[in-house]
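What follows is each chain in one-letter form.
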Amino acid sequence: QLRPSSRNNTPKASDDEIGYLNPKEYTIAGIKINGVNYLDTAVLLTISKLAVGDRIMVPGEATSAAVKNLWDQRLFEDIELSIAKIQGDSVYFNLNLVEVPRVSSIKLSGLTKSETTEIQEKLNNQKSKVVNENLNKTINAIIKKHFFEKGYLNTEIDITYKADTSDSNSKIVFVKVDKNNKVKVNAINIEGNKEFTDAKLKKFMKKTHEQAWYKVFGSGKFIQEKYEEDKDKLVAKMREKGYREAEIVSDTIYPNNKKSINIDMKVHEGPKYYFGNINFVGNAKYPTSILKQVLKIEKGEVFSEEKLEKTLRSSPNSDDVSSLYLNDGYLTFNVDPVQTKIYNDTIDLEIRIFEGPQYTINKIILKGNELTNDQVVLREIRTKPGQKFSKDALIRSQRQITQLGNFDEQKVDIKPIPNPADGTVDIQYTVVEKPSDQIELSGGFGGGRVVGTLGLTFNNFSAKNLFNLKAYKPLPKGDGQKLSIRGQTNGKFYQSYSFSFSEPWFGGKKPIYFGISAFTSLQSNGLANSNPIQQKIRLNGLTFSLGKQLKWPDDFFRVDYSANLQQFKLKNYAGYLFENGDSYDLSLSQVFSRNSIDAPIFPTSGSNIKFTVQATLPYSSFNGKNYDNLATSERYKFTEYHKWKFESQFFQRIYGKMILKAQAQFGFIGFYNKAVGQAPFGRFRLGGDGLQGFDFLQGSEVIGLRGYANNSVVPEGAPTTAGSPIFNKYVLELRHPITLSESAQVFALAFMEGGNTWNRFADFNPFNVKRSVGVGARIFLPIFGLLGIDYGYGFDRIIGNSEANKGQFHFSIAQQLGGFN
Amino acid sequence: CKSKFEKLRTSNDVAKKYQEAIKLYNKKDYTKALTLFDDLVQRYRGRSEAEDLYYYYAYTNYQLKDYLSARYHFKTFADTYPSSPKAEECRFMTAYCYYIDSPNFSLDQDNTYKAIESLQLFINIYPRSERVAEASKLILDLRDKLERKSYANAKLFLDIGDYQAAVIAFRNSMKDFPDTKFAEEMEYLIIEAQYLYAKNSREIKQEDRYNEALVEYERFIEKYPKSEYADKAKKLKEDILKGIALTKEILATYSENKKVEKEDEQQQ
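Residues numbered from 1 in each chain as written. Chains lettered and ligands numbered in written order. Predicted model: local features only at pLDDT ≥ 70, side-chain atom pairs only at ≥ 80, totals over all residues. Heavy atoms only, no water.

## What to know about the overall build of chain B
Part 1 of the reasoning: On a plain count of helices and strands, chain B comes out with 12 helices and 0 strands.
Part 2 of the reasoning: Seen in sequence order, chain B has helices and strands lined up from the N terminus as α-α-α-α-α-α-α-α-α-α-α-α.
Part 3 of the reasoning: By the compact-globule yardstick of 18 Å for 268 residues, chain B is too spread out, its C-alpha radius of gyration being 32 Å.
Part 4 of the reasoning: Across the 268 residues in chain B, those meeting the buried criterion constitute 46%.
Part 5 of the reasoning: Of all intrachain contacts in chain B linking residues separated by at least 6 positions in sequence, the fraction that spans at least 24 positions is 55%.
Part 6 of the reasoning: With the model as given, the accessible surface of chain B reaches about 15,400 Å², and the carbon-plus-sulfur share is 49%. (Helix = DSSP H or I, 4+ residues; strand = E, 2+ residues; numbered from the N terminus. Rg over C-alpha atoms; globule rule 2.2 N^0.38 Å. Buried < 20%, exposed > 50% of the residue type's maximum accessible area, 1.4 Å probe, protein only. Contact = heavy atoms within 4.5 Å. Areas by Shrake-Rupley, 256 points an atom, 1.4 Å probe, with all protein chains shown as cover.)

## Topic: the overall build of chain A
Part 1 of the reasoning: Helices and strands together make up the secondary structure of chain A, namely 12 helices and 34 strands.
Part 2 of the reasoning: At 38 Å, chain A has a C-alpha radius of gyration far larger than the 28 Å of a compact globule built from 821 residues.
Part 3 of the reasoning: Taking the principal axes of the C-alpha coordinates as reference, chain A spans close to 135 × 80 × 65 Å.
Part 4 of the reasoning: Going through the 821 residues of chain A one by one, you find that 45% of them count as buried.
Part 5 of the reasoning: Partitioning the intrachain contacts of chain A with sequence separation of at least 6 by distance along the chain shows that 60% fall at a separation of at least 24.
Part 6 of the reasoning: Taken as a whole, chain A presents about 41,100 Å² of accessible surface, with 55% of it coming from carbon and sulfur.

## Section: the interface of chain B and chain A
Part 1 of the reasoning: Opposite the 16 residues of chain B that make contact, chain A presents 24 residues.
Part 2 of the reasoning: Taking both sides of the interface into account, the surface hidden between chain B and chain A amounts to around 1,600 Å²; carbon and sulfur atoms contribute 53%.
Part 3 of the reasoning: Its largest share of buried area at the contact with chain A, chain B owes to L107, D108 and I160 of chain B, together 32% of the area lost on that side.
Part 4 of the reasoning: In this structure, the connection of chain B to chain A is made through 3 salt bridges.
Part 5 of the reasoning: Where K363 of chain A meets D176 of chain B, a salt bridge forms, and the shortest distance between an N and an O atom there is 3.1 Å.
Part 6 of the reasoning: Scanning the region where chain B abuts chain A turns up 11 residue pairs in polar contact (both at pLDDT 80 or more). (Buried area = accessible area lost by both parts, 1.4 Å probe. Salt bridge = Lys/Arg side-chain N within 4 Å of Asp/Glu carboxyl O. Polar contact = N/O pair within 3.5 Å; in protein donor to acceptor, adjacent residues only side chain to side chain.)

## Topic: the layout of surface pockets
One way to see where empty space is left: roll a probe the size of a water molecule over the atoms.
Part 1 of the reasoning: Computed from the structure, the second largest pocket encloses a volume of approximately 1,000 Å³.
Part 2 of the reasoning: Surrounding the second largest pocket, 36 residues form its lining, N373 of chain A together with N104, F105, S106 and L107 of chain B being those nearest its centre.
Part 3 of the reasoning: Among the elements of the structure, helix 10 (374–378) of chain A together with helix 6 (87–101), helix 7 (110–125) and helix 8 (132–159) of chain B are those that each provide at least two residues to the lining of the second largest pocket.
Part 4 of the reasoning: A per-class count over the lining of the second largest pocket returns 9 nonpolar, 12 polar and 15 charged. (1 Å grid on protein atoms, 1.4 Å probe; cavity = no way out; pocket = protein on both sides within 12 Å on 5 of 7 lines; lining within 4 Å. Points joined across faces, edges and corners; volume = space filled by probe spheres on them. Nonpolar A, V, L, I, M, F, W, Y, C, P; charged D, E, K, R; others polar.)

## Let's talk about the sheet that holds strand 15 (residues 413–419) of chain A
Residue and element names in this part refer to chain A.
Part 1 of the reasoning: A sheet is described by the order of its strands in space; here 3 strands give the open sequence 14-16-15, paired in mixed fashion. Every other strand in the sheet has two partners, leaving strand 14 (360–367) and strand 15 as the edge strands with one partner each. Sheet twist, expressed as the average angle between the axes of neighbouring strands with direction ignored, equals 20 degrees. (Pairing = 2+ DSSP bridges. Axes fitted to C-alpha atoms, helices over the stretch in contact; angles between N-to-C directions.)

## Observations regarding the sheet that holds strand 5 (residues 102–109) of chain A
Residues and elements named next belong to chain A.
Part 1 of the reasoning: If you walk across this open sheet you meet the 3 strands as 5-7-6, and the pairing is mixed. The open sheet has two edge strands, strand 5 and strand 6 (156–163), and neither has a second partner. Taking each pair of neighbouring strands and ignoring which way they run, the sheet shows an average axis angle of 20 degrees.
Part 2 of the reasoning: Of the pairings in the sheet, the one linking strand 5 to strand 7 (residues 170–178) comprises 7 bridges and is parallel in character. Bridge pairing links S109 to K176 in strand 7.
Part 3 of the reasoning: Helix 4 (residues 133–148) rests against strand 5, strand 6 and strand 7 of the sheet, and its axis sits at about 140 degrees to strand 6.

## With respect to the pairing of strand 23 (residues 557–571) of chain A
All names here are of chain A.
Part 1 of the reasoning: Pairing analysis gives 14 bridges linking strand 22 (residues 536–549) to strand 23, with the strands arranged antiparallel. Residue pairing in the sheet places S545 in a bridge with S562 of strand 23.
Part 2 of the reasoning: In this sheet, strand 24 (residues 581–595) lies alongside strand 23 in antiparallel orientation, the contact comprising 14 bridges. Residue pairing across strands places Y561 opposite Q590, the latter belonging to strand 24.

So this is what it looks like as structure tokens:
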């Protein structure tokens, strides 16, 4: 019988006997569509693909296809195709449809904004579906699953519908979600363990704990996903200790009460195994004795797959067997440990090595540099044609490229493309450019006045294209040079302008850094030059520097030389060692440094050490002046001093993503001649945010010390404006990332620091420091640079300044990356 | 109060919009024309005017220097109306847009490769077109860019002192571009790089590497007897020979010393 309908199977009136056993051919004479209120019947007919005048078999493919096609639209709750009448070989159809309302939108309530977006995304597929019981169930399941994975096991959901007035025959679904409290773990019951104590096994599960008031990390929440991971960890840990048969036989999770659950777990330990004889086969390049040394596994040691894996393939310091080969050209090297014999509790291993050919690097291919010129990247790459393939060189190249700062750190892709025919390998580097220019436009309060700052930094400048208009996009780019211009003013009282340019490969042949920078700044009380009570200080400076990466002791070391000339012009300006006159400071400095930190903004490992010596000529020893009774303006005409600085910082991952930063700094300015005394400039000012801000002149070095007011840490009785000749500072800082994406890097920190200043070396005591603790956060946005806020509490009183310590907020902007503040 | 253009833009009078868009295009007011075309191409889909409309649309993007969109629309035109008299032109313009987007040789050459590919495709589809000559010229131009890149990156190794890498890269460049116009210079530079490689090697390896430089020299001078680099090459040859003599001397002294040391030891 012709019943290609979805439900109802009663036959409709028909003269002839029609059935699947004897289909006949008819011409469609008419199709009548019933039950449609909202949809267009013509369109429905097209969809059904039945047309008046067609000759079709009834029943046949066309009739069943028509029903199926309409079903596929998901617009109907019921579809029935029946024969109205048959005349000769003409057939009239009735198409009875039941329209169902569709979902126009889903509205969630009872959730936070981020939860709502997450769930909306997961529910997207449900939109435009028909409203029925199945929809309810699906929505329910999706939301419950979402929260179940996050530890909310008792999510309650209430779904209601309302007709959508703006869209005919559709409904808005209102979903009220009450996720209730996260469920905690009440008890974990383990049985079947003999060698391992319950406590030990529970410790192996890092994220699933029994709740207890004293547990600070991990509050005992139950999260399904983490629990599954923890089960794997538990087994892995047991196997690591030699129980290679260890497994979880069964586990059940059942509710304890509304807020907590219990876990029952049954484990199988099996016997403890030990390493037996270890043999290497297939090794030709390295003798077994060397491989055994690298393997670091002795006969009789507790059997551990993990340790074996580590020393064979994946040691973090790349002192594993694979690295030995992969750093020596054996690109297709492979190793396979096979357990050849197991007797009692001992396992003999045969480590099968496939060395393959030794590959030589042939071509270096660079892709994706849409702005940066080839040579800027290629000259940093450590895999050179003609060398043996080396994994370490690959990793080092990646680091070098990352450090250029022009490319997205996460997206540097390196692919070796071997050509087995001639034993060579091409290495393809794919980079993705990222915006590296920074603009600093700020207005802020300082010294009770508004200060405006405009700064521009171009990190991928190309000076040679300065006069090539075609290369402007919007500035000439692509040679990895750095240009920065900065102006800061609050009108008459303070103005400062600076310019700097640097080229990392001076001359293009060797990685010799060349930099030139100049600045001028002026601070005054705002009166005209002609006014006798005008107070002002003007400072002009010019610096040339040359730097070079060293090959020895290793190539993280570098040495930098610079020549600096500074001119100070003072008029009635109090706070320094003299008030009127000009002073010149011409010095040479040498910086010896080693920087191996792995990322500029949020380093997770490595260290940064810097040793600086800066000196002027000892003018007093040859200019024949008698300093004992010289006017101050004469005395300081040519400043003389020697300055020493040592700065170091270390980064270390300590737990999860938590990073420890440890830092120590020391600075000292000495004089050549007792009669001349301390130099008035270039001194250290300790305390506060460490911002090279506006209300001081660049003649002194500003060093932050959180928990104390800016520049407030001075020896007893000394003025806060002049700075001190000796300082030291220590910092311990814990940092945890919040997000490390391309568009923003954010991390939180907690610190403990201390520092102090002294007037004379005889008074210097490295342990007598002003201490503080506090918390803060940093956010790095590619275009704004690094912004920070800290709250510090200083414990130690500064004599003569009762406001200097206690709780202090510090804001910082665009601090020198890789600097020591 | 809305401007006349704004009124037209929001109106539903497509025929009038069409006329206005063409008028704006001819008046070179491409930005406004594009606003109208954006709307019209949607509405005229499946109608006979669509063909002309799309042609104008592609050119409007082209005139606005949005070559990425332009080449997409030119290609869509050529794919959709393959029998149109304008199909050939659009196929060519697709390639030409890639050509314009091909950057300086020292940047990523993805668009250069695509330009060559699509110009070649044009030549294959319309071998008798009068644009074939221009397409061939453009291909040569692009090939030249790739040659220059290959040459410059090989030379970089020489400049920064990676001499062995330079030798290999120069050879690769000549292999990749057998008729490169830099051939003569590169073959000379191979002698220089190989000489410097040998000179900066450990003494024990120097002789072999110098000899290889000598082989390169012989090959060069035979191939380009009247080369502008001939004088420099001859100078290099002398340096090479001096280098060989020097290294032999050093090694001889060294082994002499060894021998003496050994004899001393034996005597003691």
